[in-house]
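Structure assessment
Below are the chains, spelled out letter by letter.
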Amino acid sequence: MAGMQPSDYNVPKEVEDAGFQIDADELGSIVESHDLKKVKFHGGVDGIANKLATSSTDGLSTDNETALTRRQELFGVNKFQESEARSYWLFVWEALQDMTLMILGACAFVSLIVGIAMEGWPVGAHDGLGIVASILLVVFVTATSDYRQSLQFRDLDKEKKKISIQVTRNGYRQKMSIYDLVPGDIVHLAIGDQVPADGLFLSGFSVLIDESSLTGESEPVMVNAQNPFLLSGTKVQDGSCKMLVTTVGMRTQWGKLIATLSEGGDDETPLQVKLNGVATIIGKIGLFFAVVTFAVLLQKMFGRKLQEGSHWSWSGEEAREILEYFAIAVTIVVVAVPEGLPLAVTLSLAFAMKKMMNDKALVRHLAACETMGSATTICSDKTGTLTTNRMTVVKTCFCMNVKDVSKPGDASALCSEMPNSVLKTLLQSIFNNTSGEVVATKGKKREMLGTPTETAILEFGLALGGDFQAERQAGKLVKIEPFNSTKKLMGVVLELPEGGLRAHTKGASEIILAACDKVINSNGDVVSLDETLRNNLNATIDQFATEALRTLCLAYMDLENGFSPDDAIPLSGYTCIGIVGIKDPVRPGVRESVALCHSAGVTVRMVTGDNINTAKAIARECGILTDDGIAIEGPVFREMSQEEMIKVIPKIQVMARSSPLDKHTLVKQLRTTFNEVVAVTGDGTNDAPALHEADIGLAMGIAGTEVAKESADVIILDDNFSTIVTVAKWGRSVYINIQKFVQFQLTVNIVALVVNFASACVTGSAPLTAVQLLWVNMIMDTLGALALATEPPNDELMKRAPVGRKGNFISNIMWRNILGQSLYQFLIIWFLQVYGKTIFRLDGPDANLTLNTVIFNSFVFCQLFNEVNSREMEKVEVWEGILDNYVFVTVVGVTLFFQIIIIEYLGTFANTIPLSFGQWFVSVFFGFLGMPIAVALKKVEL
């Protein structure tokens, strides 16, 4: 690069014709190779901005749509290449890979060959085609279910990637989707933001970038004019800056990395893993029963042939009989393997995720859905979660005088009472020591940008008659130290218009006041801050705090000995300008939501950086702080020994002035020492450790930084505590729904296994054929999962204690219901086998077929009614709200419809025969009889 001349770089003609003096490849190589020489060659960052036909102050002009489109064509769009959606037929192919279905397919093929050879077409093909039709039904229903879920998860994945960023375009600052960025855009970055594209540093202070996601290096990188390179996908760890976008989308380093990776799905949730284990054990039991059943049926057949003396001669019909025995054995395995268990979890989670999205909660990790249902403790932030995050300055203390400024015109009155010198210093502090900004929007209206606290103070400054732009242009910022949740303050150093340097600081009132040794008195003079004046100011802070106001102290210091930008801003020696009290009302419905948590056995704790008196006042208003609870300050908590913590933690309801480390310690202690399942809210970058440590991390969608969102399991899109309670309710719903399905499925598993096994041992034949068992499997697995795993939550869920970390998934009442219903269904089938022919007066060639059809029909109706029973595991009112769940009603209706079709019209394939009205009535009656038995099982303790 040494000695590089302008002639060494030629601008492609199509780029030049479009009005640009640099192309995408050159821009990409500059950032990718961190080439400062190339940056200088192109005239520095401002020179590159000019070559991209943009302004480093006003940004791009997008008045000409054609020019913007041409820019996108030449430099690309800020979107990453997504993996293609898997087609429906791929899911069908995967469903066909099931080993037991493949074995059944082989049985069907052999049955077809033998049947057609023996009886010709089409009569000999009926048994084989029946099995084939059943297999195809199972495959297509499974594939459809999986395909719909994959589409759902894909939509949710798109929601996760929606990120907005502050951009200057057309001379004003605005919020934009990162997908709309193009090279030449001017982006504003602050702590916790994700860098949305590759670019170059324009201006800023103390910028530290975490590049670990891209490079693996844990040490943050300092970005400044000497190292101006910013890479897509990295995170702003500290500071703030303006960035010129140079490379977007698949041309960025992040885009190239993504291109080499294939997107993986969510890991299995803990419950899926647990149920997969249960399914494997039950499958092995089923395999044992299948082998024994097949052996018993063969033994009975051989015994019969030995008695007849025909054991040396075998007919094709007998070969088909052996094949049918084998198909029954394989089908027992199919029925026994409860593949519906993991399916029910996935269905329930997918259903819950979609509904939670409507309820303003975006689930990032599947496991969070089920874990939230077990939560025993919620550690919540105050600002923006329990409160509205719409802040206004309502009280002030300047020149040692307390004033109410809540009404329009109060600020003007205050302005007229304040000495000019004090007002000038106050406005200088408000408009320079801020991370917010007053900007002109498209309609030339004024808009405040920044955190709610910053915008409240800026609004107050404007009400005092201040001019943000004029104040910013009057002085020059030498250094900025952004707000830090550990220090709880922010500061700037300003070069004054008249010469000299001044430091301004603001933050937590008691911390700033402790850094002050002087104050502005009632005459507007700077005096020493003696004990009396200090006590007076502390009393004012406490008074504001007890009125549930958030207090901030503003102070300044003239730096008479000079200052270097490399130095830290001083932490003492300040003059107190005054104190502001900011009102942030409690959100409507929070008190009720907290009460709902308490009734559900969930403890709510407030963890906040605010003053302890403010925190206590808000906590009482929300119903969090009770008479038997305590409020503690972070500094006190962190100095405690392990033994002291163990004594005090169960009583802590409020932790004020907490640092991120205090929050992390509290969460860790609750999880490890007290075995609690902990949900934690967070919005700042420094909350990431606590969000990681918690069982469920809940990030705020509006106030939360991208770092916090990435560390969280669930994003609360409206930042509302009531939404967190809704998430807990959905979590419980998922857990309960899966329990309902497990109860239903295990009942069918046990009955299907025992009936075929016992019948094979006693009579030498199985009452349920392969096709019938496959239909039962369909009802039990896919349709059962659809019906029971999609029950919406109700308020009753929040009236029971949480499951916690060690709760048994299959409860005692579930075992009672499973074993009781299994015994009842087995007795019904045994009764029909023994007395059925007598009751229905069956004789003739179709007697056995008719009896087996009645047994099959009765068994299916026992499912159907048990499905209704399983809607409630403890309550008797199982019909309540049944019509509200259209999925359940549809599944039951479809099952009933196809059962009638199978019995009445598909006898050739399903080994059934049309039944009389009396036989249908008995089948339905035996099924319905399970309802009062279920009531008895729920009411009687065994």
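What counts and what doesn't
- Residues numbered from 1 in each chain as written.
- Predicted model: local features only at pLDDT ≥ 70, side-chain atom pairs only at ≥ 80, totals over all residues.
- Heavy atoms only, no water.
- UniProt positions renumbered as here; feature names shortened; annotations may be inferred.
- Salt bridge = Lys/Arg side-chain N within 4 Å of Asp/Glu carboxyl O.
- Helix = DSSP H or I, 4+ residues; strand = E, 2+ residues; numbered from the N terminus.
- Buried < 20%, exposed > 50% of the residue type's maximum accessible area, 1.4 Å probe, protein only.
- Phe/Tyr/Trp six-rings, centres within 6.5 Å; stacked < 30°, edge-to-face > 60°.
- Lys NZ or Arg CZ within 6 Å of the ring centre and 35° of its normal.
- Pairing = 2+ DSSP bridges.
- Axes fitted to C-alpha atoms, helices over the stretch in contact; angles between N-to-C directions.
- Contact = heavy atoms within 4.5 Å.
- Expected span 1.5 Å × (residues − 1).
- Polar contact = N/O pair within 3.5 Å; in protein donor to acceptor, adjacent residues only side chain to side chain.

Looking up the protein in an unreviewed UniProt entry gives the name Calcium-transporting ATPase, with the organism given as Datura stramonium. For the protein, the Sequence similarities (unreviewed entry) comment in UniProt is given as "Belongs to the cation transport ATPase (P-type) (TC 3.A.3) family. Type IIB subfamily."

**Some thoughts on the pattern of salt bridges**
The full count for this structure, using the stated rule, is 21 salt bridges. Linking Glu26 and Lys38 is a salt bridge whose minimum nitrogen-to-oxygen distance equals 3.6 Å. With Glu26 in helix H2 (residues 24-32) and Lys38 in helix H3 (residues 36-41), the pair connects residues that are 12 residues apart, well separated along the chain. Judged by relative accessible area, which is 13%, Lys38 ranks as buried. Its salt-bridge partner being Asp381, residue Lys663 comes within 3.0 Å of it at the nearest N-O pair. Residue Lys663 is found in helix H25 (residues 660-672), and its partner Asp381 is found in the loop between strand E9 (377-380) and strand E10 (392-398); the two are separated by 282 residues along the sequence. Relative accessible area serves as the criterion here: at 4%, Lys663 is assigned to the buried category. A relative accessible area of 9% means that Asp381 is categorised as buried. Residues joined in a network through salt bridges with shared partners are Glu14, Arg70 and Glu73.

**Quick look at the UniProt feature "transmembrane region" (unreviewed entry) in the protein**
In the numbering used here, UniProt assigns the "transmembrane region" (unreviewed entry) feature to residues 99-118, 124-144, 281-302, 322-352, 746-768, 813-835, 886-906 and 918-937. From the first C-alpha to the last, residues 886-906 spans 28 Å; its make-up is 95% helix and 0% strand. With 95% helix and 0% strand, residues 918-937 has end C-alpha atoms that lie 29 Å from one another.

**Focus on the packing of aromatic side chains**
Throughout the structure, instances matching the rule amount to 18 aromatic pairs. When the ring of Phe288 is compared with that of Phe289, the centres are 5.9 Å apart and the planes differ by 85°; the resulting orientation is edge-to-face. Through a chain of ring-to-ring contacts, three or more aromatic side chains come together here, namely Trp830, Phe831, Tyr835, Phe921, Phe925 and Phe926. It is Lys51 that lies over the ring of Phe41; its NZ or CZ is 5.8 Å from the centre.

**Looking at the pairing of strand E2 (residues 172-177)**
Here strand E1 (residues 164-169) pairs with E2 via six bridges, running antiparallel. In the strand pairing of E2, Gln166 is matched with Lys175. Two successive antiparallel strands, E1 and E2, enclose a turn made up of two residues, where Asn170 displays a positive phi of approximately 55°.

**Comments concerning the sheet that holds strand E24 (residues 678-682)**
Reading across the sheet, the eight strands line up as E8-E26-E25-E24-E9-E21-E23-E22 and stay open at both edges, with mixed pairing between neighbours. The outermost strands of the open sheet, each flanked by one partner alone, are strand E8 (361-363) and strand E22 (630-633). Ignoring strand direction, the axes of neighbouring strands in this sheet form an average angle of 20°. Where E9 lies against strand E21 (residues 603-607), four bridges are found, and the strand directions are parallel. Within E21, the residue paired with Cys379 across the bridge is Arg605. Along the sheet, helix H28 (residues 721-763) makes contact with E8, E9, E21, E24, strand E25 (696-700) and strand E26 (714-716), crossing E26 at roughly 145°.

**Re H28**
Taking 1.5 Å of rise per residue, the 43 residues of H28 would be expected to cover 63 Å, and the 63 Å separating its terminal C-alpha atoms lies within 8% of that figure. Taking burial as the measure, the 43 residues of H28 include 35 buried ones, the bulk of the element. Where H28 starts, the residue carrying a side-chain oxygen 3.0 Å from the main-chain nitrogen of Ser722 turns out to be Asn720.

**Brief notes about the environment of Gly450**
Looking at the element boundaries, Gly450 is found in the loop between strand E13 (446-449) and helix H17 (452-463). For Gly450, a relative accessible area of 48% translates into the label partly exposed. When the C-alpha positions of Gly450 and Lys424 are compared, they lie 23 Å apart, and in sequence the two are 26 residues distant.

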